[in-house]
Amino acid sequence: MSSPHLIHSEDVPWTEVAHGSRVALKRKQLGAAAHGRKLGCSLVELPPGRRSWPLHYHLGNEEAVYVLSGTGSLRLGTQTLPVREGDYVALPPGAESAHQLINDGPEPLRYLCFSTMEAPDVLVYPDSKKVGVFAGAAPGGDKASRTLQAYLPLDAEVDYWEGEEP
């Protein structure tokens, strides 16, 4: 018997994300492949010497990381903490949970990343001082369902009435 909600990780293709010489990872979107709706789960492999997504935090969604193998560092809020196999990190919404994984170990760092998949969501990127806004589908969700996705500098504020007829 089979079900669209039961998948095997070997049957899910890797997608690669890379930017410059620092950010690179491979990801299998297990939650999406199993037709999950409100909980996302990705298997992530981070090569030695590389970082995951830019340092960020969510204002709507909660994430968690469970380290399967390897060692690395976790930028968490204002701290940098060592991580290793068996570590679990809860990342509730808010600035204190700003996070980024760094593989400073000798072998690939493999982990599961879980996320609630609620839209709308707002992400803040402290290093680059920008904000991401998502509606219709959460970050990492179905892009075809997304009605809004925008990245803006944090200082791109305008007056509420700007552009409106008097």
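Look up: the structure comes first, before these words.
Residues numbered from 1 in each chain as written. Predicted model: local features only at pLDDT ≥ 70, side-chain atom pairs only at ≥ 80, totals over all residues. Heavy atoms only, no water.

1. Things to note about empty space enclosed by the protein
On inspection of all chains with the given rule, the structure shows 1 cavity of 30 Å³ or more. Of the volumes computed, that of the largest cavity is approximately 30 Å³. Along the walls of the largest cavity sit Tyr57, His58, Asn61, Glu63, Leu91, Pro92, Pro93, Ser97 and His99, which together make up its complete lining. Residue composition of the lining of the largest cavity, grouped by class: 4 nonpolar, 4 polar and 1 charged. (1 Å grid on protein atoms, 1.4 Å probe; cavity = no way out; pocket = protein on both sides within 12 Å on 5 of 7 lines; lining within 4 Å. Points joined across faces, edges and corners; volume = space filled by probe spheres on them. Nonpolar A, V, L, I, M, F, W, Y, C, P; charged D, E, K, R; others polar.)

2. A few points about the sheet that holds strand S1 (residues 15–19)
Overall, antiparallel pairing links the 6 strands, which are arranged S1-S2-S3-S10-S5-S8 in an open sheet. Looking along the sheet, the strands with just one partner apiece sit at the ends: S1 and strand S8 (88–91). Shown here is a sheet whose adjacent strand axes are inclined to one another by a mean of 25°, direction ignored. As paired strands, S1 and strand S2 (residues 23–29) are joined by 5 bridges and run antiparallel to one another. Looking at the pairing, Thr15 lines up with Arg27 of S2. (Pairing = 2+ DSSP bridges. Helix = DSSP H or I, 4+ residues; strand = E, 2+ residues; numbered from the N terminus. Axes fitted to C-alpha atoms, helices over the stretch in contact; angles between N-to-C directions.)

3. Structural notes on the state of the cysteines
As enumerated under the stated definition, the model contains 0 disulfides in all. Of all cysteine sulfurs, the one in Cys113 lies closest to Cys41, which takes part in no disulfide; the gap is 8.0 Å. On the basis of relative accessible area, Cys41 is assigned to the buried category, the value being 15%. The class of Cys113 is buried, set by a relative accessible area of 17%. (Disulfide = S-S within 2.5 Å. Buried < 20%, exposed > 50% of the residue type's maximum accessible area, 1.4 Å probe, protein only.)

4. Remarks on the layout of surface pockets
It is a probe the size of a water molecule, rolled over the atoms, that shows where empty space is left. In this structure, the largest pocket occupies an estimated 1,200 Å³ of space. Around the largest pocket, the lining is made up of 50 residues, and of these Arg27, Trp53, Pro139, Gly140 and Gly141 lie nearest the centre. The biggest single contributor to the lining of the largest pocket is strand S3 (residues 39–46), with 5 residues. Considered class by class, the residues forming the lining of the largest pocket number 26 nonpolar, 17 polar and 7 charged. Approximately 160 Å³ is the volume attributed to the second largest pocket.

5. What to know about the sheet that holds strand S7 (residues 79–84)
Taken in spatial order, the 3 strands of this open sheet run S7-S6-S9, and their pairing is antiparallel. Two strands close off the open sheet at either side, each with one partner strand: S7 and strand S9 (99–102). Strand-to-strand twist in this sheet, taken as the mean axis angle between neighbours without regard to direction, amounts to 25°. Summarising the sheet, strand S6 (residues 71–76) and S7 pair through 6 bridges and their orientation is antiparallel. Bridge assignment links Leu74 to a residue of S7, and that residue is Leu81.

6. A look at the pattern of salt bridges
Under the counting rule described, the total for this entry stands at 4 salt bridges. Across the salt bridge formed by Glu118 and Lys38, the nearest N and O atoms sit 3.8 Å from each other. On the criterion of sequence distance, the pair formed by Glu118 in the loop between strand S10 (109–116) and strand S11 (121–125) and Lys38 in the loop between helix H1 (30–33) and S3 is long-range, its members being 80 residues apart. Looking at Glu118, the relative accessible area reads 36%, which means it is partly exposed. Assessed through its relative accessible area of 58%, Lys38 is described here as exposed. A salt bridge links Glu45 to Arg110, with the shortest nitrogen-to-oxygen separation between them at 2.8 Å. On the criterion of sequence distance, the pair formed by Glu45 in strand S3 and Arg110 in strand S10 is long-range, its members being 65 residues apart. Residue class for Arg110 comes out partly exposed when judged on its relative accessible area of 27%. Via salt bridges that share partners, Lys26, Glu45 and Arg110 belong to a single interconnected network. (Salt bridge = Lys/Arg side-chain N within 4 Å of Asp/Glu carboxyl O.)

These values are about where atoms sit, not about what they do.
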